[in-house]
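Structural description and commentary
Okay, here's what each chain looks like letter by letter:
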Amino acid sequence: MALKRKDFADYLNTAAKDTDASYALLGYGVESLDEEPGAQTDTTCYINDETSSTTVTKYETQFPYTSEIIMEQEAIKSLYLTGRNHETGTDAERDYVRVDMFDPVSGSEGTYQARKFRVANEVSKFSGEGGEKMKVEGVLHAIGDPIQGTFNVTTKTFTATQAATQSDTNKNQSVTN
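An account of the accompanying structure is given in this report. (Residues numbered from 1 in each chain as written. Predicted model: local features only at pLDDT ≥ 70, side-chain atom pairs only at ≥ 80, totals over all residues. Heavy atoms only, no water.)

1. Quick notes on the nonpolar core
In terms of nonpolar packing, the biggest core is built from 13 residues, with Leu26, Tyr96 and Leu140 touching the most fellow members. Elements that contribute at least two residues to this core include exactly strand S6 (62-68), helix H1 (74-84), strand S8 (111-127) and strand S9 (135-152). Excluding anything up to four places from it in sequence, Tyr96 contacts Asp10, Tyr11, Leu12, Leu26, Leu33, Phe63, Arg115, Lys116, Phe117, Val119 and Leu140. Of all hydrophobic cores here, the second largest spans 11 residues; its members include Tyr23, Val97, Val99 and Phe158. (Core = buried A, V, L, I, M, F, W, Y, C linked by side-chain atoms within 4.5 Å. Buried < 20%, exposed > 50% of the residue type's maximum accessible area, 1.4 Å probe, protein only. Helix = DSSP H or I, 4+ residues; strand = E, 2+ residues; numbered from the N terminus. Contact = heavy atoms within 4.5 Å.)

2. So, unusual backbone geometry
Phi is positive for His86, close to 55°, though the residue is something other than glycine. Relative to the helices and strands, His86 resides in the loop between H1 and strand S7 (93-104). Its identity as a non-glycine residue notwithstanding, Lys156 has a phi of 55°, on the positive side. The residue Lys156 is located in the loop between S9 and strand S10 (157-160) in this model.

3. Topic: the pattern of salt bridges
Tallied over the full model, the rule gives 11 salt bridges. Between Glu35 and Arg115 there is a salt bridge, with its nearest N and O atoms 2.9 Å apart. Taken together, the residues Glu35 in the loop between strand S3 (30-33) and strand S4 (39-44) and Arg115 in strand S8 connect sequence positions 80 residues apart. Judged by its relative accessible area of 27%, Glu35 falls in the partly exposed class. Assessed through its relative accessible area of 17%, Arg115 is described here as buried. Note that Glu93 is salt-bridged to Arg118, the shortest N-O span being 3.3 Å. Taken together, the positions of Glu93 in strand S7 and Arg118 in strand S8 put the pair 25 residues apart, joining distant regions of the chain. On the basis of relative accessibility, which here comes to 7%, the residue Arg118 falls in the buried class. One network of salt bridges, in which partners are shared, links Arg5, Asp10, Glu35, Arg98 and Arg115. (Salt bridge = Lys/Arg side-chain N within 4 Å of Asp/Glu carboxyl O.)

4. Observations regarding H1
Along H1, the residues classified as buried are Ala75, Ile76, Ser78, Leu79, Tyr80, Thr82 and Gly83. Taken from the residues just after H1, His86 is the one with a positive phi, measuring 55°.

Structural data, given as structure tokens:
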């Protein structure tokens, strides 16, 4: 059976810097939140070949989103405030977890396979016609590699299942938020 959008859950860390993680669900009010892995390739045709060879060299993952601005939804509020307050640099960065709700962890109720990304929140637009709901649109740009792990949807806790590299640690700060 084909997976549906509800088979993926999205959580954003809305906690202030240097505090314990506080993940909020990106759900109610969010109209779209897509994943674009953005594979980059290198194609070469050697002088003795007639056919080119292509290799995937890197990824430029991004997550475009559109949401109604609902201030009672902490994740949406966090996305909105990045643009409203013109946050830049690390102030515009968040931890974002994509949970595979179709892939539960055996023997651990409420825990599923997940990936944690450090993302830069690019808010591109606030819109709304007369009498309509206001919306925020933007893109979450991945910083570095995702960290593989699990996420408990009851306790809202991410646990890494791979050893973080120094590069991951620098880019993603604390791995076990």
